[in-house]
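Below are the chains, spelled out letter by letter.
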Amino acid sequence: MMSVLEWGTLIVCCTVLLLRLPDAVKGRNRTVFGILFLATLCSVLAVSGPYEAIDRMLGGWNVTNLILRHLVFATVLLVGLRVTRGLASTTGYRLIAGPAGRWALGISCFAVTAVFFLMDTQGSSSGMQGLSTSSARNAALAPFYAAAGRSYPAFVSCILMAPLLATVRSQLPRLVRAGALVMLGGAVAVVLSIPASFASPAWLPGQHVVNYSAVLGYVLGLALFWFAGLIAHAPGSPGETLRKNTG
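Draft legend 1. Spatial organisation of the packing of helix α1 (residues 2-25) against helix α2 (residues 30-46). It is at 9 Å that the axes of α1 and α2 come closest, and there the two elements cross at 155°. Regarding the angle of α1 to α2, the classification is roughly antiparallel. Crossing geometry of α1 relative to α2 is assigned as left-handed. Facing α1, whose interface residues are Glu6, Thr9, Leu10, Cys13, Cys14, Val16, Leu17, Arg20, Leu21, Ala24 and Val25, α2 presents Arg30, Val32, Phe33, Leu36, Phe37, Ala39, Thr40, Ser43, Val44 and Ala46. Residues belonging to the contact of α1 with α2 are distributed by class as follows: 15 nonpolar, three polar and three charged.

Right, dumping it as structure tokens:
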């Protein structure tokens, strides 16, 4: 199941990235292409084979996982800024780009890095799953490391929920509302990933489903926004305006 989630998410990210490539080459909304590129890179690093190969080259201390966490932070930051702008959420944009957002990002980066260096991380293990049972200290710290890595994405997701829900309830084109609904599902999954970090090992498959649902929700949401813009050819139409900002 884990392998299906890893490779399935990677395939979806690669597909959406390739679909957006022609627009990026033409200079259209390269920021969103950058978001999708980062999401694809994160998906590559989440797959066991590539992860372990890269981490061994870096010394076998799971530094790759720490890099992955910070890449996720960067990706979520860009998603938050782009979506709040696209949905005209001034309050949301200010919360993410302003002092509150900078503090949230800084604290999350510090927390995930600090917990990482408190653990014994020797021995490449995708998702650091193999290390959580390697010692009592790792077993105690692993849930906090996972939660710290999901704290900033959860912060941004909480901010995005209101404008996404408003879009779902709006009179915008159906595909736009569908994109907002899918992304809203991803945001809910991100928030749920915090308590899921402290679930018992028996719930590990459920944790993975929540985590990958979050990634797919955001990536597919962006893709639907883009498709809505392609369909809405008329300049100034709601779908076209949203495409320029988010797609």
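Draft legend 2. A look at the environment of Phe227. As for its placement among the helices and strands, Phe227 is situated in helix α9 (residues 204-231). Taking relative accessible area as the criterion, Phe227 reaches 32% and is therefore assigned partly exposed. Residues Phe227 and Gly179 lie 48 residues apart in sequence; the distance between their C-alpha atoms is 9.3 Å. Excluding residues within four positions of it along the chain, Phe227 makes contact with Leu19 and Leu175.

Draft legend 3. Molecular detail of the pattern of salt bridges. Summed over the entire model, instances satisfying the criterion amount to one salt bridge. Of the charged contacts in the structure, one is a salt bridge between Glu52 and Arg56, with a shortest N-O distance of 3.6 Å. With Glu52 and Arg56 both in helix α3 (residues 48-57) and four residues apart, this pair spans about one turn of that helix. Take Glu52: its relative accessible area is 24%, and that puts it in the partly exposed class.

Draft legend 4. Layout of unusual backbone geometry. One non-glycine residue, Asn62, lies in the positive phi region at around 60°. Position of Asn62 among the secondary structure elements: in the loop between α3 and α4 (63-86). Note on Asn62: relative accessible area 0%, which makes it buried. Positioned with a positive phi, Ala88 is a non-glycine residue whose angle comes to about 60°. Inspection of the secondary structure puts Ala88 in the loop between α4 and α5 (90-97). Overall, Ala88 belongs to the exposed group, its relative accessible area being 64%.

Draft legend 5. The arrangement of the packing of aromatic side chains in detail. By the definition in use, this model includes six aromatic pairs. Both rings, one in Phe116 and one in Tyr145, keep their centres 6.0 Å apart while their planes meet at 45°; by these two values the pair is tilted. Linking Phe116 in helix α6 (residues 99-118) with Tyr145 in helix α7 (residues 136-168), this pair joins segments that are 29 residues apart in sequence. Both residues of the pair, Phe116 and Tyr145, count as buried.

Rules and cut-offs
- Residues numbered from 1 in each chain as written.
- Predicted model: local features only at pLDDT ≥ 70, side-chain atom pairs only at ≥ 80, totals over all residues.
- Heavy atoms only, no water.
- Axes fitted to C-alpha atoms, helices over the stretch in contact; angles between N-to-C directions.
- Helix = DSSP H or I, 4+ residues; strand = E, 2+ residues; numbered from the N terminus.
- Parallel < 35°, antiparallel > 145°, perpendicular 65-115°, else oblique.
- Left-handed = near helix turned anticlockwise from the far one by under 90°.
- Contact = heavy atoms within 4.5 Å.
- Nonpolar A, V, L, I, M, F, W, Y, C, P; charged D, E, K, R; others polar.
- Buried < 20%, exposed > 50% of the residue type's maximum accessible area, 1.4 Å probe, protein only.
- Salt bridge = Lys/Arg side-chain N within 4 Å of Asp/Glu carboxyl O.
- Phe/Tyr/Trp six-rings, centres within 6.5 Å; stacked < 30°, edge-to-face > 60°.

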